[in-house]
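# Summary of structural features
Listed below, chain by chain, are the residues.
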Amino acid sequence: MNTADRLREFFSNKRNIAILIHRNPDGDAIGSALAVQRFLNKWFDKYGKTANITVISPSLIAYFLEWLPGAENIIRYPETPDKARSVLKEADAIIYVDFNAPTRIDELSEDLIASTAPVVLIDHHRDPQVNPQISYWDPEAASAAQLAWKFINDFQEPDLIDREIAECIYTGIMTDTGSFRFSSVTPEVHRIVADLLEYGVNPDKVYSLIYHRFSLRRLQFFGHSITFRIRHLPEFKTTYMAIPLEDLQRFNIGPGETEGLVNYTLAIEGTRLGVLMIDRTRENKGNPMVRFSFRSKGNVHVDQFARQFFNGGGHHNAAGGTLYTTLEEAETYFLQKLSHLLPELTKED
Ligand code: 5GP
Ligand code: MN
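Attention here is on the structure that accompanies the text. (Residues numbered from 1 in each chain as written. Chains lettered and ligands numbered in written order. Predicted model: local features only at pLDDT ≥ 70, side-chain atom pairs only at ≥ 80, totals over all residues. Heavy atoms only, no water.)

So, on to the packing of aromatic side chains. Scanning all chains against the criterion turns up 27 aromatic pairs. Aromatic pair Tyr-63 and Phe-64: ring centres 5.5 Å apart, planes at 85°, arrangement edge-to-face. Residue Tyr-63 is classed as partly exposed on the basis of its relative accessible area of 34%. When the ring centre of Phe-10 is taken as origin, the NZ or CZ atom of Lys-14, which lies over that ring, is 4.2 Å away. (Phe/Tyr/Trp six-rings, centres within 6.5 Å; stacked < 30°, edge-to-face > 60°. Buried < 20%, exposed > 50% of the residue type's maximum accessible area, 1.4 Å probe, protein only. Lys NZ or Arg CZ within 6 Å of the ring centre and 35° of its normal.)

Right under this line is the structure:
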């Protein structure tokens, strides 16, 4: 059976499809999920069938992603936990988008593990913890969105693809590639982007809707962090920032508003490892918690580092992790563990 037939056969008898994205969903997760949802809705419509296709997010949606076509209908677990649970319970197919481990959806994890519905995987993270019937998985892919685009195109229904779908996919690729500049960007990525522009995507509009959304206080928080919280360790080719709770409170910074701050660490010449650690006590019911973001250049593989020492993981050059300690303890621990990366940090690619 060819790919289009397999997809059609899989979906034709489904009536309740849950599309799931990871906690604190980014542009890639939300863009990919909304593109898949919109396409499947149009596909069911075209063949005169009805299906409930629902996107569920374990977290609230960052305000700069709310404009994405269809975002208003996303079920957000913190707002309507019972609804999220019941959609998941009734699902006869579950599509994992931009994640592959049930543990990345927090309180919904148990419900997901309990489900026996067949799984579709659209993801680019390593070490999948699911057993999908249909898999669009490629750890080399720059974004989940380009895999979602392949999934959509594999139905071979070009008349169902529209500007809104293209905008969602474009957003996913743009946000996961640092606006088309990471080493994961291939000629194929640019070919996809070229196709998306043919569908009417306006690059300037999308960029502005996502990135030109700072409030004055958020920009001042970035400035404050860069001025007072940055440490540069030239002998380790490392630059990091440690953000205390008092800064988050002083500038009234919400969970999604630290997005992008880590990138400034890599801007210092010679830096091969950039780290952002943030006191997340408020997100852990007042108990100590520090979230780490790791970014790196070349062969400095932060996913292994995050997995081994920080209860996390991710990609070679972008990973995250969590410690349940104070910020001071987290910083000390990080500085101790840094020596493990020294060979990679000091070896040129
Ligand atoms: P961020 O620093 O933006 O939170 O995360 C960077 C990358 O690492 C993202 O692609 C994300 O998927 C991955 N990541 C972040 N935190 C974790 C974690 O705790 N576990 C795993 N496996 N991956 C993570
Ligand atoms: Mn992604």
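From this point, the discussion proceeds with the structure in view.
Contact pair helix 5 (residues 144-154) / helix 6 (residues 163-176): the axes reach a minimum separation of 8 Å and the direction vectors enclose 150°. One way to sum up the angle between helix 5 and helix 6 is to call them roughly antiparallel. The residues of helix 6 that touch helix 5, namely those facing Ala-145, Gln-146, Ala-148, Trp-149 and Ile-152, are Ile-165, Ile-169, Gly-172 and Ile-173. (Axes fitted to C-alpha atoms, helices over the stretch in contact; angles between N-to-C directions. Helix = DSSP H or I, 4+ residues; strand = E, 2+ residues; numbered from the N terminus. Parallel < 35°, antiparallel > 145°, perpendicular 65-115°, else oblique. Contact = heavy atoms within 4.5 Å.)

Let us look at unusual backbone geometry. With phi around 55°, Gln-156 is a residue other than glycine that occupies positive phi space. Tracing the backbone through its elements, the reader meets Gln-156 in the loop between helix 5 and helix 6. Positive phi is not limited to glycine here, since Asn-311 has a value of about 50°. Considering the arrangement of structural elements, one finds Asn-311 in the loop between helix 11 (302-309) and strand 11 (313-314).

A separate point is the pattern of salt bridges. Within this structure, the stated rule accounts for 21 salt bridges. Across the pair Arg-163 and Glu-164 runs a salt bridge, and its minimum N-O distance is 3.7 Å. Assessed through its relative accessible area of 34%, Arg-163 is described here as partly exposed. The class for Glu-164 is partly exposed, based on a relative accessible area of 21%. The shortest N-O distance in the salt bridge between Glu-167 and Lys-205 comes to 2.8 Å. Remark: Lys-205 occurs in helix 8 (residues 203-211) and Glu-167 occurs in helix 6; sequence separation between them is 38 residues. Connected through salt bridges with shared partners, the residues Arg-38, Lys-42, Asp-162, Arg-163, Glu-164, Glu-167 and Lys-205 form a single ionic network. (Salt bridge = Lys/Arg side-chain N within 4 Å of Asp/Glu carboxyl O.)

It is worth spelling out the coordination of the manganese ion (ligand 2) at this point. Surrounding the manganese ion (ligand 2) are the protein donor atoms Asp-28 (OD), Asp-98 (OD), His-124 (NE2) and Asp-176 (OD), which sit 2.1 to 2.3 Å from the metal. On the accessibility criterion, Asp-28 (0% relative accessible area) is buried. When its relative accessible area of 2% is taken as the criterion, His-124 is described as buried. (Donors = N, O, S within 2.8 Å, 3.2 Å for Na, K, Ca; no water.)

Let's shift gears to helix 1 (residues 3-12). For helix 1, every residue scored as buried is listed here: Ala-4, Leu-7, Phe-10 and Phe-11. Down the axis of helix 1, the buried set is contained in an arc of 135°. They therefore lie on one face. N-cap assignment for helix 1: the residue whose side-chain oxygen lies 3.1 Å from the backbone N of Ala-4 is Asn-2. (Arc of directions from axis to C-beta. Polar contact = N/O pair within 3.5 Å; in protein donor to acceptor, adjacent residues only side chain to side chain.)

Turning our attention to the site of ligand 1. Taken together, Arg-104, His-125, Arg-291, Ser-293, Arg-295, Gly-312, Gly-313, Gly-314, His-315, Ala-318, Ala-319 and Gly-320 make up the full set of residues adjacent to ligand 1. In this structure, Gly-313 approaches ligand 1 through a main-chain N or O atom, which is 3.1 Å from a nitrogen atom. Contacts to ligand 1 include Gly-320, whose backbone N or O atom sits 3.4 Å from an oxygen atom. Notes on ligand 1: free accessible area 490 Å², of which the protein chains cover 75%. Considered class by class, the residues forming the shell around ligand 1 number 2 nonpolar, 7 polar and 3 charged. (Near = heavy atom within 4 Å. Areas by Shrake-Rupley, 256 points an atom, 1.4 Å probe, with all protein chains shown as cover. Nonpolar A, V, L, I, M, F, W, Y, C, P; charged D, E, K, R; others polar.)

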